[in-house]
Structures are given as structure tokens and as C-alpha cells.
Amino acid sequence: MLNFLFLLFPVLIFLIFFENKQHTYNKYCLILLSAISMVLCMAFPIRLKIGFIFDLRYIPFIIMALFGGYKYTFPLYIVLNIYRWIIGGAGTLQSFLFSTVIFILVPLLSKWFIAKNANKRILWAVLVAVFTMVLYLSTLAAQLPALNKEFWILTINAIPTHVLVMIIIMILLEKIIDNINTRISSIQAERLNVLSDLSASVSHEIRNPLTVTNGFLQLLKKSQTITTEEKSFIEYALLELNRAENIVSDFLAFAKPQSENMILYNLKDEMEYVKNIITPYANMHQVDVQHSFKNTLIFKYDKNQIQQCLINLYKNAIEAMRDKGGVLSIDVSEQKKSIVIKIQDNGVGMTREDVLRLGSPYYSTKKEGTGLGMLMVYSTINKVNGKIHVESEVGVGTTFTISIPV
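Residues numbered from 1 in each chain as written. Predicted model: local features only at pLDDT ≥ 70, side-chain atom pairs only at ≥ 80, totals over all residues. Heavy atoms only, no water.

Overview of the overall build of the chain
Selection rule: Where helices and strands are cited, they refer to DSSP runs of H or I of at least four residues and of E of at least two residues respectively, numbered from the N terminus. Burial classes follow relative accessibility: with a 1.4 Å probe on protein chains only, a residue under 20% of its type's maximum area counts as buried, one over 50% as exposed, and anything between as partly exposed. Every accessible area reported is derived by Shrake-Rupley at a probe size of 1.4 Å, with residue values counting cover from the shown protein chains alone.
A tally of helices and strands in the chain yields 12 helices and 9 strands. Each of the 406 residues in the chain was classed as buried or not, and the buried ones make up 40%. In the form shown here, the chain has an accessible surface area of approximately 22700 Å², with 63% of it arising from carbon and sulfur atoms.

What to know about unusual backbone geometry
Even without glycine at this site, Leu-267 takes up a positive phi of about 80°. If you trace the backbone, Leu-267 turns up in the loop between β3 (262-265) and α9 (268-284). Positive phi, normally seen in glycine, also occurs at Gln-286, with a value near 55°. A residue is classified by how much of its surface remains accessible, and Gln-286, at 56% relative accessible area, is exposed.

A short note on the confidence of the model for the chain
Under the convention used in this document: Per-residue confidence from the prediction method is given by pLDDT, with values spanning 0 to 100.
Looking at the chain as a whole, its pLDDT mean stands at 85, while 89% of the residues score no less than 70. Per-element averaging of pLDDT across the chain places strand β2 (residues 53-54) at the bottom with 78 and strand β7 (residues 338-345) at the top with 95.

Thoughts on the packing of helix α1 (residues 2-17) against helix α2 (residues 26-43)
A pair of packed helices is captured by two measures, namely the crossing angle of their axes and the spacing between those axes. This is how it is decided: An axis is simply a line fitted to the C-alpha atoms; with a helix, the fit covers only the stretch in contact. Between two such axes, the angle follows the N-to-C directions and lies from 0 to 180 degrees. Here roughly perpendicular refers to angles of 65 to 115 degrees, roughly parallel to angles under 35, roughly antiparallel to angles over 145, and oblique to all remaining angles. Handedness of a crossing is defined here by the sense of rotation of the near helix relative to the far one, left-handed for an anticlockwise turn of less than a right angle and right-handed for a clockwise turn. By definition, residues are in contact when any of their heavy atoms lie within 4.5 Å.
Where α1 meets α2, the closest approach of the two axes is 8 Å, and the angle between their N-to-C directions is 165°. One way to sum up the angle between α1 and α2 is to call them roughly antiparallel. Along this stretch, α1 crosses α2, giving a crossing that reads as right-handed. Facing Asn-3, Phe-6, Leu-7, Phe-9, Pro-10, Ile-13 and Phe-14 of α1, the residues of α2 in contact are Asn-26, Leu-30, Leu-33, Ser-34, Ile-36, Ser-37, Leu-40 and Cys-41.

Remarks on the packing of aromatic side chains
Note the cut-off: Each Phe, Tyr or Trp ring, with Trp reduced to its six-membered ring, pairs with another whose centre is within 6.5 Å; inter-plane angles below 30 degrees give stacked pairs, above 60 give edge-to-face pairs, and intermediate values give tilted ones.
Counting across every chain of the model gives 11 aromatic pairs. Ring centres of Trp-112 and Trp-124 lie 4.8 Å apart, and the angle between their planes is 80°; this geometry places the pair in the edge-to-face category. With Trp-112 in helix α5 (residues 110-114) and Trp-124 in helix α6 (residues 118-143), the pair connects residues that are 12 residues apart, well separated along the chain. Judged by relative accessible area, Trp-112 falls into the partly exposed class, the value being 36%. On the accessibility criterion, Trp-124 (33% relative accessible area) is partly exposed. Three or more aromatic residues joined by ring pairs form one cluster here, namely Tyr-58, Phe-61, Phe-98 and Tyr-136.

Quick notes on the pairing of strand β9 (residues 397-405)
Put simply, the rule is: Strand pairing is defined by DSSP finding a minimum of two bridges between the two strands.
Note: β7 against β9, 8 bridges, orientation antiparallel. Following the sheet pairing, Gln-344 is matched in β9 by Thr-399. Across 7 bridges, strand β8 (residues 387-393) lies against β9 in antiparallel orientation. Considered in β9, the bridge of Ile-388 is made with Ile-402. Between the antiparallel neighbours β8 and β9 lie 3 residues, among them Gly-395 with a positive phi of about 85°.

Okay, here's the thing in C-alpha cells:
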């Protein structure tokens with residue numbers, strides 16, 4: 001129970017102080033808290049009456065390895081071995097060799113593990129914990145002259161304890177992750193709903209005076225009494241008015257779906273239409289467009305908004321590859337009762353911080369960007385109750401996976 005409380009310590013601290021604060025230093029706090037719980041487990045081990053001693057130090061070690069990979073597991077590996085060396089006694093060398101094997105093998109699963117859903121992550125974390133203990137007990141058995149009763153008592157205590165504790169800790173962690181994702185989705189949905197309600201009325205109100213101003217400037221430009229310099233001023237004013245008109249048009253895309261544009265279909269025509277529009281732009285930047293469509297599921301959507309959403313995503317992907325060219329892969333498929341659109345490029349990629357800020361108003365990874373394009377994408381997908389998952393790595397590329405329930 002004492003070891004179990006030590007493992008609950010980082011979970012509770014994170015839940016109380018850090019869950020509502022999404023900062024980049026959170027992961028360093030988690031490493032520190034995991035290291036503390038690991039040291040406490042070693043300082044106060046589980047002592048069996050038969051004389052054997054074991055602890056739960058590898059539970060936080062395994063969890064950090066699965067979620068964080070080598071980068072975030074390495075500090076724990078150093079702390080574990082330094083403290084084990086300080087404790088001293090028999091088994092120090094064996095502990096170092098065993099922890100090294102676990103450090104080399106387990107983080108290899110990190111990317112694959114993170115891609116799984118919550119239930120599968122819990123299952124695989126338990127299997128890794130079992131594998132770790134089986135490996136440990138096997139090395140212990142190799143040192144014993146015979147597998148006596150004491151060894152089997154240790155086995156019966158160690159494996160179920162690790163399994164039970166890993167299940168409880170992983171369930172708590174997955175619940176925290178689910179709460180964070182739910183809160184982010186709720187905030188985003190609320191923001192998009194407010195924007196949707198305001199955008200249509202505000203855009204129409206702004207467009208009317210813009211149109212009138214544009215008309216008068218066009219008439220003034222034809223006047224014979226103004227100088228060449230004054231005409232150039234009018235030209236600049238017209239260009240700025242056109243830019244304002246484009247921004248207003250972007251805002252209109254956030255409006256609620258228009259009834260005259262609503263259709264019930266499987267996206268095939270929209271995907272084909274957008275592909276034909278974007279192909280010349282892709283060719284201009286030496287980007288090869290690969291398209292696959294395998295979907296029979298239908299749902300109700302605003303075709304204009306869906307088309308603009310896809311254009312924004314394709315255009316961003318192509319511009320991410322414009323320096324060296326590449327491949328834009330578009331795959332539409334059906335999975336159970338959802339339409340899945342996968343858009344993949346091998347462009348410049350994004351950092352994790354960039355990915356987390358996608359869809360925020362006026363945030364863009366491009367110098368000339370306004371951020372309204374990606375905001376429009378998130379708004380459109382939100383209107384059809386869809387979800388967007390983004391995977392990106394700097395220098396490797398980006399994959400947008402859009403899942404739309406039908």
C-alpha cells in the first residue's frame with residue numbers, strides 16, 4: 001500500500017496543480033514527480049516474510065517510457081541507477097543491467113503505443129509490466145540453485161501486484177487525458193459556435209459599406225481632374241478594400257451551414273472537385289497528388305463549406321512542400337460508422353506547440369498567414385460533429401486525420 005501511495009503521488013499532484021494548465025514545462029514536472037515516486041518505492045520496498053524484497057519502481061519507469069520515449073525516460077534511468085548504487089548491497093550490478101535492458105526495449109514502443117486508443121494503451125501497459133516482471137524473475141531464477149517455494153511465493157506476489165497497480169494507475173492517467181481532451185474540445189466548440197453566430201451578421205454589415213466605398217473610388221479613379229499621384233493613392237485604397245473583402249469572405253465561411261447548399265452524399269463529388277482545382281497549384285510547386293476514395297457512407301453537410309475546408313488543407317500541405325516538392329496523399333475511407341479523411345504531406349512539419357495551437361484565431365505557421373483558414377477548417381468539421389487529429393514532425397511532414405461520424 002505504501003508503494004501504491006508513492007505511485008499515486010505524481011498522479012494526484014498533476015491532477016491538482018497542472019491539469020488545467022497546458023504549459024511546455026508540464027512534462028519536466030512529470031519527470032521530476034515520477035523520479036521522486038520511483039526513489040520512494042526503492043527507499044521503502046515491499047518486504048516479504050520469506051526474506052525477499054521487491055518494489056514498484058518500474059511502474060513509473062515503464063509509463064514514462066511508453067508515453068515519452070527515450071528523451072523523457074533517460075533522466076529516470078539515471079536517477080534509478082544512481083539511487084540503487086547509493087543503496088548498495090547485493091544485486092546492484094543486476095539492477096543496472098536489468099534497467100538498461102528495459103530502457104533500451106520499452107521506449108521503442110512509444111510512438112506505436114501513443115497511437116492506440118485508451119483501452120488498448122491500458123492493456124499494453126499491463127502486458128509490458130508483466131513482461132518486465134517475468135524478465136526480472138527469470139534473471140533471478142537463473143541465479144538460484146533451484147526454484148524453491150520462496151521463489152514461487154515471490155512470483156505469486158510480484159506479478160499480480162504489478163498488474164493490479166499498473167491497471168489502476170493507467171486508468172487514472174487515461175481519465176486525466178480524457179478530461180483534458182474533453183475540456184479542450186468544449187472550449188474550441190464554444191469558441192467556434194460564438195464565431196459562427198457572429199460572423200454572418202457582422203460580415204454582411206461590413207460588406208455593404210465596403211461595396212459602396214469601392215464603387216465611389218472606382219468613379220473617382222476615372223476623373224480627369226485628379227493627378228497621377230492621387231490616382232496611385234486610389235489604387236492603393238482599392239487594393240486594401242479588396243483585401244478587406246477577402247477577409248470578410250473568409251469570415252462568411254464560419255457562418256452556419258446554408259440550407260440551399262445542404263446535401264446528403266458521400267463526399268465523392270466534393271473530393272473530386274477540390275482535387276481538380278488544387279492539382280494545377282500542386283504541379284506549380286512540384287507536388288504529386290495521390291488520391292484514393294473508398295467510402296459508401298453518406299451524411300448531411302454544406303458542400304461549399306466542405307469544399308473550402310478541403311481546399312485550405314490541401315493548399316497548406318502543398319505550401320509546406322513548395323521548397324523541395326513532394327507527395328500529397330489523400331485517402332478517404334470508412335471505418336465502422338465514420339468517414340475518415342487522411343491528408344498527408346512530407347513537408348516542413350510542425351512542432352508540438354504549433355500543433356496544439358492550430359485552429360486558434362489569427363494563429364498561423366506562415367508569415368503571410370492570417371490563421372483564418374485553419375480556424376475555418378476546425379469550424380467546418382465541428383459543425384458535422386467531426387474530430388481532427390494532427391501528427392507532425394519537423395522536417396518529416398504532417399498528417400491530418402479527420403473522422404466524421406455518420
